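# Survey of secondary and tertiary structure
Letter by letter, the chains look like this.
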Amino acid sequence: MTNANDKGPTRGRLWFLIPLAAFFALAVVLAVGLKRDPREVPSPLIDKPAPKFALARLDDATRVVRLDDLRGKAFILNVWASWCVACREEHPVLLDFAKKRAVPVYGLNYKDTRADAGAWLARFGNPYDASFFDEDGRVGIDFGVYGVPETFVVDGNGVIRMKHIGPLTPDVLANKIEPLLKKLDA
Amino acid sequence: MGRSAPAFARALVAAVVLAAGALAAAKEAPPEAADLAIEARMVRITSELRCLVCQNQTIADSNAGLAVDLRRETRDMLKQGKSDAEIVDYMTARYGDFVLYRPPLRATTALLWFGPALLLLIGGGVLVFTLRRRSRMAADAFDPDVEDDDLDPLDDAAATAARSAATPGRG
């Protein structure tokens, strides 16, 4: 570098830094990519009308509930099943939330049997104003459900405003769902 | 063996009853390969779709419950005469572009599609630029290709080995 014969000492001096800069840019992109959870697939249904459904209640096979019956007030739709281990994990959180009676909490009982689901609620407690019985999982597919539990926030116009994939945590409720519900109420 | 005729008859009746039951069940859920053409189309479409449960498998490959259901839905839609595009739309409306193993060309995916070609172009450009510049440089801008024995690490190692072998009183 002390070579006095170098012509144009400033020209192109910083060019050698470009690969280094490119490397750091790539490293940042990849690091961000690593932090992202590939299991959280962004739903295309956010801010779209919730898919229409007509399902019998879990506790009463003769009473059919339609999406339109639930309109008018924001509500939470929690997809659950008695065979789902993570549902048991989120269950106390959901029970606590339901006790506040902020909004109706509905359950979509996904690919379950009435007997198992009923026994599960009897054993662990029932946070749901009502659960709808989606035996073959078709309504679940319409909602883009791919892993139970999933939780949707639907506004009074029947538009899906948020989806949470995986077990609800107090943190998600306090920092994401409750602020959103407040905004929807206003 | 050694069974009395009435017992055999009872067993036969039981077998017939059971078989009838199985047949009735089979009527409710016809064998999935009943229509081979539909099955082939179903497999072709679902092999291009990602299973959301086992994300590195296609819906055609995966045994996850959801994949089984989505194959069933695809089969049903094909029987209703829906086109391949309609079925792919059905999937992306629910699960997003993520289900597509071939992502669509959009503004957000342009980098994905053209990024590799762009990198190749940049690399090729840099190579051409560098080679052309070097070809214009005077010969004395380069260090001569002389072998420098002192800098050869193998020679160094050999010399050290020779020295230590020559040192008496070792081993």
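None of the values given here were measured: they were computed from a predicted structure. (Residues numbered from 1 in each chain as written. Chains lettered and ligands numbered in written order. Predicted model: local features only at pLDDT ≥ 70, side-chain atom pairs only at ≥ 80, totals over all residues. Heavy atoms only, no water.)

### Description of the interface of chain B and chain A
Many structure descriptions define interface size as the accessible area lost when the parts assemble. Threshold: The contact rule is simple, with two residues in contact once any of their heavy atoms fall within 4.5 Å. Note: buried area is the sum, over both parts, of the accessible area (probe 1.4 Å) each one loses when the two are combined. Salt bridges, as used here, are contacts in which a Lys or Arg side-chain nitrogen is within 4 Å of a carboxyl oxygen on Asp or Glu. Distance and chemistry together define a polar contact, namely a pair of N or O atoms within 3.5 Å, with one atom able to donate a hydrogen and the other to accept it when in protein, and with adjacent residues in sequence counting only for side-chain atoms on both sides.
Across the contact, 17 residues belong to chain B and 15 residues belong to chain A. Interface of chain B and chain A: buried area, both sides summed, is about 1400 Å²; carbon and sulfur atoms make up 48% of it. It is Gln55(B), Arg94(B) and Tyr95(B) that lose the most area in chain B upon contact with chain A, and together they represent 35% of the buried surface on that side. If you look at where chain B meets chain A, you find four salt bridges. As a salt-bridge pair, Glu73(B) and Arg138(A) come within 2.7 Å of each other at their nearest N and O atoms. Our count for the chain B to chain A interface comes out at six residue pairs in polar contact (both at pLDDT 80 or more).

### Remarks on a positive patch on the surface
All names here are of chain B. This is how it is decided: Each patch is built from residues that are more than 30% exposed by relative accessible area and take part in no salt bridge. Like charges join if they lie within 9 Å; nonpolar side chains (Val, Leu, Ile, Met, Phe, Trp, Tyr) join within 5 Å. Each accessible area is a Shrake-Rupley result for a 1.4 Å probe, and residues are judged covered by the shown protein chains and nothing else. His is not counted here, nor are the chain ends, while Lys and Arg score as positive and Asp and Glu score as negative. We put the charge of a Lys on NZ, of an Arg on CZ, of an Asp on CG and of a Glu on CD. Note on conventions: DSSP H or I runs of at least 4 residues are helices, E runs of at least 2 residues are strands, and numbering of each starts at the N terminus. Three labels apply to residues, based on accessible area from a 1.4 Å probe with only protein chains included: buried if under 20% of the type maximum, exposed if over 50%, partly exposed otherwise in between.
Taken together, Arg132, Arg133, Arg134 and Arg136 make up a surface patch of like positive charges. Here Arg132 shows up in helix α5 (residues 110–136). Judged by relative accessible area, Arg132 falls into the exposed class, the value being 55%.

### A look at the pairing of strand β3 (residues 75–80) of chain A
Residues and elements named next belong to chain A. Spelled out, the test is: For two strands to pair, DSSP has to find at least two bridges joining them. When the strands point away from the viewer and the path from the first strand over the helix to the second turns clockwise, the crossover is right-handed.
Counting buried residues in β3 gives six out of six residues, a clear majority hidden from the surface. Pairing between β3 and strand β6 (residues 150–154): five bridges, direction antiparallel. Note on β6: the bridge partner recorded for Asn78 is Thr151. Sheet topology places β3 next to strand β4 (residues 105–110); five bridges connect them, and they run parallel. Bridge pairing in β4 links Leu77 to Tyr106. For the segment spanning β3, helix α2 (residues 85–100) and β4, crossover handedness is right-handed.

### Brief notes about the packing of α2(A) against helix α3 (residues 114–124) of chain A
Residue and element names in this part refer to chain A. Rules: Only C-alpha atoms enter the line fits that serve as axes; for helices the fit covers just the stretch in contact. Angles between N-to-C directions range over 0 to 180 degrees. In these notes the angle categories are as follows: under 35 degrees is roughly parallel, over 145 is roughly antiparallel, 65 to 115 is roughly perpendicular, and the rest is oblique. Take the far helix as your reference; a near helix turned counterclockwise from it by less than a right angle gives a left-handed crossing, and one turned clockwise gives a right-handed crossing. Residue polarity follows a fixed list, in which Ala, Val, Leu, Ile, Met, Phe, Trp, Tyr, Cys and Pro are nonpolar, Asp, Glu, Lys and Arg are charged, and the others, Gly among them, are polar.
At a closest axis distance of 11 Å, the pairing of α2 and α3 adopts a crossing angle of 55°. Overall, the two elements α2 and α3 adopt an arrangement that is oblique. The element α2 and its partner α3 pack so that their crossing is right-handed. Facing Cys87, Arg88, His91 and Leu95 of α2, the residues of α3 in contact are Trp120, Leu121 and Phe124. Among the residues making up the contact of α2 with α3, the classes are represented as five nonpolar, one polar and one charged.

### Quick look at helix α2 (residues 36–46) of chain B
Residues and elements named next belong to chain B. Note the cut-off: The arc in question is formed by the directions pointing from the helix axis toward the C-beta atoms.
Within the sequence span of α2, burial applies to Ile38, Glu39, Met42, Ile45 and Thr46. Buried residues of α2, seen end-on, are gathered within an arc of 130° and therefore sit on one face of the element. Set apart from the buried face of α2 by more than 90 degrees, the exposed residues are Leu36 and Ala37. The elements touched by buried residues of α2 are α3 (65–79) and α4 (84–95). Capping the start of α2 is the job of one residue whose side-chain oxygen sits 3.2 Å from the backbone nitrogen of Ala37: Asp35.

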